[in-house]
Amino acid sequence: MEIRNFCIIAHIDHGKSTLADRLLEFTGTVTRREMKEQLLDDLALERQRGITIKARSVSMRYIHQGTPYEVNLIDTPGHVDFQYEVSRSLSCCEGALLLVDAFQGVEAQTVANAYNAMEHDLKIIPVINKIDLMHARADEVTEEMESSLGIDPDDVVRCSAKAGIGIEELMTAIIERVPAPTGDANAPLQAMVFDSNYDDFRGAITYVRMMNGTVKKGQKIKFLRAGSVHEVVELGQFVPQRKSCTELTAGQVGYLICNIKSLADVHIGDTVSTPGNDAAEPLAGYQRPKRMVYCGLYPSDGQEFSDLRDALERLAINDPSFEFEPETSDALGFGFRCGFLGLLHMEIVQQRLESESDIDLVQTAPNVTYEIVDTRGNKREIHKPQDVPDPNDIAEFRQPIVRCNIVVPSECIGTVMKLCQDRRGILRGNEYLSPTRSMISYDIPLAEVIYDLHDKIKSGTRGYGTLDYELIGYEPANLVRMDILVNGNRVDALSIICDRGDADRRGRAVAKKLKSEIERHMFEVAVQAAVGSRVIARETVPAMRKNVTAKCYGGDITRKRKLLQKQKEGKKRMKAIGSVEISQKAFMSVLSSG
Ligand code: GDP
Ligand code: MG
C-alpha cells in the first residue's frame, strides 16, 4: 500500500489537536460518535493545560483517486523543553503541516518549528487555520509566512479545523505533496524509536518508524544503542487504539511490545535492528535526554519524605527524562535534587506530584546546569549551588546560552529589547514579519530566561509577545556563588549562582527579606549575604527586649492564648541554623520571592 508520513507543527493553541481530530473523523478512522474532543492528547494533564507533551501517532486509511493510502500522523510535542523529542519525531516523517492561526499569525514557535522541519528536509505544507473567525486576517498572515519563512503564498491551504472547512483539500495536499517513504523492505531491519509509554499490563510500548526491512511477531530484535535484545510479543499500529498485526515493513509507523519492564530501558532516538552480524547501522542523531534545569523538592512535613520518594519513583517510570536523587539540606531537612529538561517540564512534574499525591512541597529556587573547569583542568557539571568549589579552585565557570526568538507587536520592540539587554542578551537579528509584527533574536544566558524573562516579556507586551529558545552552547562568564549566613552559619538552601554584577542586589534583597521573617531571639541575629569570604550585605535582627515579652504575658488573655498557639505551631516547623531557630515559613517566603 502507498504510505504517507506527516506531522503537524504549530504554535500552542493554533489548532493542532483540533485539526488532528478532524482528519481522523474525515478519514473514518474515528466516527463522530466515538470522537472525544482532542483524542490525541490523552493525558488528563495535557488536556487541562491544552498542550501536547508526548508525541503520539495514528494510522489512517484513505482512498485517493481509487488508490488506497496508509497515512500516518505523528504528533509532536510543541514546547522547547521537548525539542529533542520533536527532532526525533520529525525524522520519522517526510512532510509537515505548518499550521498558523488566521488571527494570531506567525509566532515564535511557528518559526522555530518551521526551521526545525526544514533542517530535517521535510516537505512543508503551509496551512492557515481558523478562517471561520470573524477577525481572521488570512491575507496578512500569508504575507507573514512569506516574509519570515519564505513560504510561497500559492502553496498555502486555508482551513477551519473547528468548522470542518478545507479538510478534503488538505488530505489531497498531503497525498500529492508529501513524498512517499523510500525505505527498502528487503534490507536489514532498521527502525527509529521516536516515543514510548508505559502500560501497567504490557510494560513499555515502543513507538517505531520503520526505515528499512521488516519486523515480525515473535522475532528477536536488538536496541542498538542500549545493546539489549528482546523478543517481539506483539506489534501493530494505532488506529487510534492499539491494533495488532503480524508484521511492519519499511515506511510504516507502529508499535512494538517486548515485555520490557521499565521505560528506562527504551531510549528515544535508539535504533531497532536484529541481533547478529547482519544488523543495520544505527540511525544518526541519537542523544541522551539533557536536563537543563534543577531544583530541590522537599516535603514541607519531614514525615512525608518516603511518600515523596514513592511519588517520584512512580513519575520517573513514565518519564525517563526526569531524574532525582536524595539530598539533605540544613534548612529544609531530607528531600530530593530533581533534574528537568526545562522550566515547563519542571512545572508539569510538580503539578503531577501535587495532583497524584497530596504532599505539600517546598521547592528551592531553580538553577540551570553549569560547567566548571578547575585549576587542574578538570571539567565537571554543576547541578546545585552547594557543589560550586572554592573560587580559588575555579579556572573557568561556564553557563548555557540560548538563542531566543521573540515575536512581538512592533510597538513593543523597545520594551523587549531593554528586557533582553538588561539580562546580558546579545542582539542577533531583528526583522519585520508584517507592518505590525516583528521578530527579534537574542543570545541570552538560560539562567536569565528561567529567572524571569518569560514572565517579563508576557507582561511587557500585554500577553502578545511569544518566546522560543534553543540551546546554542556553554560560554565562560563571571559567575559566583552567593551564600546567605545566619550568625555566621551558611544556610545551604538559600545559596544561588549568579553573575558577579547581580550578587550585591540579590544578596541585599534576600538578607532584607529574611530579616523580616526571623523572629527575635534573646540575642542579636546577623543575616549576611556573602561571596566567598566577602560580605556584600548585612541585616541585623535585634535582640528581644524584656519588656516586650512582659507586655505579651500581661493581662490580655486572648492575646496570650494566641501567642501560645502560634508558638506551638511554629515549633513543629522550626529549623535550627546554629543557635538560631528559623521557621520553615521564613525559608519558604525567601525562596518564593526568588
Ligand atoms: P493546539 O494547542 O494547537 O493543539 O490547539 P487546539 O486544537 O487545542 O485549539 C486551541 C483552541 O482553538 C481551541 O479552543 C479550539 O477549539 C480552537 N480552534 C481550533 N481550530 C479552530 C478553528 O478552525 N476555528 C476556530 N474558531 N477555533 C479553532
Ligand atoms: Mg494540542
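All values reported here derive from a predicted model rather than from experimental measurement.

Draft legend 1. Region of the structure containing the nonpolar core. By size, the foremost hydrophobic cluster in this structure holds 48 residues, and its most contacted members are Leu 353, Tyr 370, Phe 397, Cys 404, Ile 406, Leu 446 and Val 449. Discounting residues that sit within four places of it in the chain, Ile 406 has contacts with Val 416, Cys 420, Ser 438, Met 439, Ile 440, Ile 457, Thr 466 and Leu 467. Core analysis: the second largest hydrophobic core is formed by 38 residues, Val 253, Ile 257, Leu 433 and Met 439 among them.

Draft legend 2. Highlighting the packing of aromatic side chains. Summed over all chains, the structure comprises 10 aromatic pairs. A ring pair is formed by Phe 238 and Tyr 255, whose centres lie 5.1 Å apart and whose planes are at 50°; its orientation type is tilted. With Phe 238 in strand E12 (residues 234-238) and Tyr 255 in strand E15 (residues 253-257), this residue pair connects regions lying 17 residues apart in the sequence. Directly above the aromatic system of Tyr 255 lies the positively charged group of Arg 242, at a separation of 6.0 Å from the ring centroid.

Draft legend 3. Region of interest: the site of ligand 1. Taken together, 17 residues are adjacent to ligand 1, and Asp 13, Lys 16, Ser 17, Thr 18 and Asp 132 come closest. In the model, an oxygen atom of ligand 1 is placed 3.5 Å from a nitrogen or oxygen of the His 14 main chain. Protein coverage of the free-state accessible area of ligand 1, which is 580 Å², stands at 81%. Among the elements that make up the shell around ligand 1, the one with the highest residue count is helix H1 (residues 16-26) (three residues). In the shell around ligand 1, the residues fall into three nonpolar, nine polar and five charged.

Draft legend 4. Broad picture of the pattern of salt bridges. Counted by the stated rule, this structure contains 33 salt bridges. Among the ionic pairs, Arg 462 bridges to Glu 411, the shortest N-O distance being 3.7 Å. Taken as a pair, Arg 462 in the loop between helix H10 (446-460) and strand E27 (466-476) and Glu 411 in the loop between strand E24 (394-409) and helix H9 (413-422) lie far apart in primary sequence, 51 residues in all. You'll find Arg 462 and Glu 411 in the same group, each marked exposed.

Draft legend 5. Local environment of the side chain of Ser 160. Checked against the element boundaries, Ser 160 lands in the loop between strand E6 (157-158) and helix H6 (167-177). A residue is classified by how much of its surface remains accessible, and Ser 160, at 0% relative accessible area, is buried. Engagement of the side chain of Ser 160 in a polar contact is seen with the side chain of Asp 132, the distance being 2.9 Å.

Draft legend 6. Spatial organisation of the confidence of the model for the chain. For the chain, the average pLDDT comes to 87, and 90% of its residues sit at 70 or higher. Of the regions scoring below 50 in pLDDT, residues 45-55 engages in 45 contacts with residues more than four places distant in sequence or in other chains. Two numbers describe this predicted complex: its pTM, 0.77, and its ipTM, 0.99.

Draft legend 7. Summary view of unusual backbone geometry. Of note, the bond from Val 239 into Pro 240 is cis; its omega dihedral lies within 30 degrees of zero at -5°. Residue Asp 121 is not a glycine yet carries a positive backbone phi of 60°. With respect to the helices and strands, Asp 121 occurs in the loop between helix H4 (108-119) and strand E5 (123-129). For Asp 121, a relative accessible area of 68% gives the class exposed. Non-glycine residue Asn 487 carries a positive phi angle of around 45°. Mapped onto the elements of the fold, Asn 487 is located in the loop between strand E28 (479-486) and strand E29 (489-490). Since its relative accessible area comes to 30%, Asn 487 is described here as partly exposed.

Cut-offs applied
- Residues numbered from 1 in each chain as written.
- Chains lettered and ligands numbered in written order.
- Predicted model: local features only at pLDDT ≥ 70, side-chain atom pairs only at ≥ 80, totals over all residues.
- Heavy atoms only, no water.
- Core = buried A, V, L, I, M, F, W, Y, C linked by side-chain atoms within 4.5 Å.
- Buried < 20%, exposed > 50% of the residue type's maximum accessible area, 1.4 Å probe, protein only.
- Contact = heavy atoms within 4.5 Å.
- Phe/Tyr/Trp six-rings, centres within 6.5 Å; stacked < 30°, edge-to-face > 60°.
- Helix = DSSP H or I, 4+ residues; strand = E, 2+ residues; numbered from the N terminus.
- Lys NZ or Arg CZ within 6 Å of the ring centre and 35° of its normal.
- Near = heavy atom within 4 Å.
- Polar contact = N/O pair within 3.5 Å; in protein donor to acceptor, adjacent residues only side chain to side chain.
- Areas by Shrake-Rupley, 256 points an atom, 1.4 Å probe, with all protein chains shown as cover.
- Nonpolar A, V, L, I, M, F, W, Y, C, P; charged D, E, K, R; others polar.
- Salt bridge = Lys/Arg side-chain N within 4 Å of Asp/Glu carboxyl O.
- pLDDT = per-residue confidence, 0-100.

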